[in-house]
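Inside the fold
Here's the letter readout for the chains.
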Amino acid sequence: MSEAPEPIEAALELEQLDNDIFRSIRLWKPLTGRGAFGGQIIAQSARAAGATVNPELLLHSLHCYFLSFGDVDFPVLYMIDRSRDGRSYATRSVKAVQKGKEIFVLNASFQRPEPEQPRFQIDISQHEVFRNIALPENCLSIEESMQNLVSADPNMSEKVRQYFLNTAEERRVSSIEIRSAYPADPFEWRRSASSSSSENVARSPCPQQAIWFRTRAKMPLDDLFHKCVIAYASDFQFIGTAARALGLRSSREPRLAMMASLDHSLHFYHPADASQWLLFVMEAQAAGDGRGLVHGRIYTQDGKLAVVVQQEGVVRAQVKKSSKL
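The following refers to the structure shown. Fair warning: this is a prediction, and the values are worked out from it, not measured in the lab. (Residues numbered from 1 in each chain as written. Predicted model: local features only at pLDDT ≥ 70, side-chain atom pairs only at ≥ 80, totals over all residues. Heavy atoms only, no water.)

Along the polypeptide, leucine 221 turns up in the loop between strand S10 (208–215) and helix H5 (223–233). Of the residues examined, leucine 221 reaches a relative accessible area of 86% and is grouped as exposed. Distance in space between the C-alpha atoms of leucine 221 and aspartate 273 is 8.4 Å, their sequence separation being 52 residues. (Helix = DSSP H or I, 4+ residues; strand = E, 2+ residues; numbered from the N terminus. Buried < 20%, exposed > 50% of the residue type's maximum accessible area, 1.4 Å probe, protein only.)

Our next topic: the pattern of salt bridges. Tallied over the full model, the rule gives 16 salt bridges. Taking the shortest distance from any N to any O, the salt bridge between arginine 26 and glutamate 6 comes out at 3.8 Å. In this pair, arginine 26 sits in the loop between strand S2 (21–24) and helix H2 (38–50) while glutamate 6 sits in the segment before helix H1 (8–12), placing the two residues 20 residues apart along the sequence. Given the relative accessible area of 33%, arginine 26 is considered partly exposed. (Salt bridge = Lys/Arg side-chain N within 4 Å of Asp/Glu carboxyl O.)

So, about the side chain of glutamate 170. Structurally, the position occupied by glutamate 170 is in helix H4 (residues 158–172). Lacking a salt bridge, the buried glutamate 170 has arginine 171 as its closest oppositely charged neighbour, with an N-O distance of 5.5 Å. Polar side-chain contacts of glutamate 170 include one of 2.6 Å to the backbone nitrogen of leucine 31. With sequence-adjacent residues up to four places away left out, glutamate 170 is seen in contact with Trp28, Lys29, Pro30 and Leu31. (Lys, Arg positive; Asp, Glu negative; His and termini not counted. Polar contact = N/O pair within 3.5 Å; in protein donor to acceptor, adjacent residues only side chain to side chain. Contact = heavy atoms within 4.5 Å.)

Once that is clear, we can look at the pairing of strand S4 (residues 77–85). For S2 and S4, the ladder comprises three bridges, and the chain directions are antiparallel. By the bridge assignment, isoleucine 21 is partnered in S4 with methionine 79. For S4 and strand S5 (residues 89–98), the ladder comprises seven bridges, and the chain directions are antiparallel. Of the residues in S5, the one forming a bridge with arginine 84 is threonine 91. Following S4, the chain reverses through three residues before pairing antiparallel with S5. (Pairing = 2+ DSSP bridges.)

In this section: the pairing of strand S7 (residues 176–182). Of all seven residues that make up S7, six are buried, and the element is covered over most of its length. Relative to S10, S7 runs antiparallel, the two being bridged by six bridges. Residue pairing across strands places arginine 179 opposite tryptophan 212, the latter belonging to S10.

This is the structure we're talking about:
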């Protein structure tokens, strides 16, 4: 019998050891990940920083760097530096330490709200590729897409079949539900003319993608917590947009050799309930020298631009080294 989805509160839970020191309770490593999920480290760091700030000041931006992969078998210590406490703004720096080594650093800024100030946003309709995105209730979840792939191809090898089934189960028990908004099929499967097998398919290079996401359960009305959950979810599939733009894939040429986050930033501009559907529009900006840069916008379902996101990461293709003469 499969497990029930884990509540998002468990993924973000921290133990306070001192005024400015917090420790992770649990860490999660994705099925295909090299270490602890980066979105979880971002969210836990932001939550630890927020715990040291006047609650009247709200998180408005964070910038972070990944220095090393996290080991899920050891807790992470989050060390807070109270860089500034002003009337309108406060700044915190966070060092994430594991086994005596810094694995991650984050700077977060908090602001006293100024609702009387004028507002502006880039409207989703101005992005031509995403004008006709389906509503979330008309989109397939990632786990449903994977199950459909398995059901549609009786000739699929056991190795590939098991990978899809394991990944589908991983998504099903996740506290975050994800549905593909663009393209409708997240894998863009196209059967080749010479074969009916899913192992002989090609994926068209595409620099954009979009997903709907939300938590599977309601959450308390806590602005910082919702922003931490959004930060957590913002790391799903994000840098993969650069790999898509390059046409890299894990099972066919050109082959994806490595993908990992280098830095990540979020700017919060409108309140958003992470337990309601949010649209995450992603677009690769550039890729080269083994790196990729991706820009994203997160909208509420009624079209409010809630968060602007950016990430750079390692995106390496498997390159054949020329033989020496």
